[in-house]
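Topology and contacts: notes
Take a look at the letters that make up each chain.
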Amino acid sequence: MGAPLVYREYPEGGHTWYGQEDRDVLDFIRFHVRDPYPARVKFTTREPAFGRCSWIEVVESTRPLRIEFTHLDMLGQPLEVRKEYDKSVEVDARIDRDRNRVSVQASGVKSLKVWLADEMLDLDKPVEVVVNDVRLFTGKVDRSIRTALEDCRKRGDRRSAFAASVTVEPTR
């Protein structure tokens, strides 16, 4: 969604880090600062382990977990077994600060959690959450230290914690 991608492959490179690339990598990081509260979040996933992107989280999917993968370490030894949905889960979520609204289009979603912060919406006013064109929540959300700590624990990001959340269940 707007960031350039540069891929360089080296013969016989494997997973080796090449020091001569440090300057390019550090320049990229310096000039592409992450927006901790983007107005739009769009993602597709097939794994429950990757069900969150920024401020939107798929808590539960309607898709069955039918595919099982064994992930191997670099020596080819089993590392972990993970299950995947038989079909992708898709989420396209937007923040409208003027209307104090979160709008989401989603497929394969049974339950969604919307993580909220004052930088996104005016949490002193009622917030509206609309999923697949159906209003599922309208009301005041409470900020809490417990929610902020839960978010920090999940994401490991103490600088931009979400202090409120709303969980909704889309009808389709």
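Residues numbered from 1 in each chain as written. Predicted model: local features only at pLDDT ≥ 70, side-chain atom pairs only at ≥ 80, totals over all residues. Heavy atoms only, no water.

A closer look at the overall build of the protein chain
Spelled out, the test is: The helix and strand labels rest on DSSP assignments: H or I over at least four residues marks a helix, E over at least two residues marks a strand, and numbering proceeds from the N terminus. Type-normalised accessible area, obtained with a 1.4 Å probe on protein chains alone, sets the label of each residue: buried when under 20%, exposed when over 50%, and partly exposed for intermediate values. Should any heavy atoms of two residues lie within 4.5 Å, those residues are counted as being in contact. We score Asp and Glu as negative and Lys and Arg as positive, and we do not count His or the chain ends. For charged residues, the charge sits on one atom: NZ in Lys, CZ in Arg, CG in Asp, CD in Glu.
Within the protein chain, the secondary structure is distributed over two helices and eleven strands. Each helix and strand of the protein chain, placed in order from N terminus to C terminus, yields the pattern α-β-β-β-β-β-β-β-β-β-β-α-β. Along the three orthogonal principal directions, the C-alpha set of the protein chain runs to about 55 × 40 × 30 Å. Within the protein chain, buried positions represent 34% of all 172 residues. In the protein chain, the share of contacts with a sequence separation of at least 24, taken over all contacts with a separation of at least 6, comes to 56%. The averaged location of the 30 negative side-chain charges in the protein chain is 5 Å from the averaged location of its 30 positive side-chain charges.

Comments concerning the sheet that holds strand β9 (residues 127–131)
Using the following cut-off: Note on pairing: two strands pair once DSSP finds at least 2 bridges between them. Throughout, an axis means a line fitted to C-alpha atoms (over the contacting stretch in the case of helices), and angles, computed between N-to-C directions, take values from 0 to 180 degrees.
If you walk across this open sheet you meet the five strands as β1-β6-β7-β9-β10, and the pairing is mixed. Looking along the sheet, the strands with just one partner apiece sit at the ends: β1 (40–45) and β10 (134–139). Along the sheet, successive strands turn relative to each other by an average axial angle of 15 degrees, direction set aside. Judged from the five bridges that link them, β9 and β10 form a sheet pairing that is antiparallel. Bridging from a neighbouring strand, Val-131 pairs with Val-134 of β10.

What to know about the side chain of Asn-132
Spelled out, the test is: Two N or O atoms count as a polar contact when they lie within 3.5 Å, although within protein this holds only if one can serve as hydrogen donor and the other as acceptor, and sequence-adjacent residues are included solely when both atoms are side-chain atoms.
Here Asn-132 lies in the loop between β9 and β10. With relative accessibility at 5%, the residue Asn-132 sits in the buried group. Within the structure, Asn-132 has its side chain in polar contact with the backbone nitrogen of Ala-106 (distance 2.8 Å).

Some thoughts on unusual backbone geometry
The phi torsion at Ser-54 lies on the positive side, around 55 degrees, for a residue other than glycine. Among the structural elements, Ser-54 can be located in the loop between β2 (52–53) and β3 (56–61). What makes Ser-54 partly exposed here is its relative accessible area of 21%. For Asp-133, which is not a glycine, the phi torsion comes out positive at approximately 70 degrees.

Comments concerning the environment of Ser-88
Following the sequence through the fold, Ser-88 ends up in the loop between β5 (78–85) and β6 (89–96). Note: C-alpha distance between Ser-88 and Glu-60 (28 residues apart in sequence) is 13 Å. In this structure Ser-88 touches Thr-44, Thr-45, Arg-46 and Arg-63, once residues within four positions along its chain are discounted.

Description of the pattern of salt bridges
The test is simple: Here, a salt bridge means any Lys or Arg side-chain nitrogen found within 4 Å of an Asp or Glu carboxyl oxygen.
Per the counting criterion, the structure on display carries 20 salt bridges. Here Glu-150 ties to Lys-113 by a salt bridge, and the two come within 3.4 Å at their closest N and O atoms. Placement of Glu-150 in helix α2 (residues 145–155) and of Lys-113 in strand β8 (residues 109–116) is noted, with a sequence separation of 37 residues between them. On the basis of relative accessibility, which here comes to 25%, the residue Glu-150 falls in the partly exposed class. One network of salt bridges, in which partners are shared, links Arg-34, Arg-52, Asp-151, Arg-155 and Asp-157.

A closer look at the packing of aromatic side chains
Operational definition: By convention, a stacked pair of Phe, Tyr or Trp rings (six-membered ring in the case of Trp) has centres within 6.5 Å and planes under 30 degrees apart, an edge-to-face pair has planes over 60 apart, and any other such pair is tilted.
All told, the structure shown has one aromatic pair when counted by the stated rule. Measuring from ring centre to ring centre gives 5.4 Å for Tyr-37 and Phe-162, while their planes differ by 85 degrees; the resulting arrangement is edge-to-face. In this pair, Tyr-37 is assigned in the loop between α1 (22–31) and β1 and Phe-162 in the loop between α2 and β11 (164–168), connecting sequence segments 125 residues apart. Across the pair, Phe-162 and Tyr-37 agree in class, each one buried.

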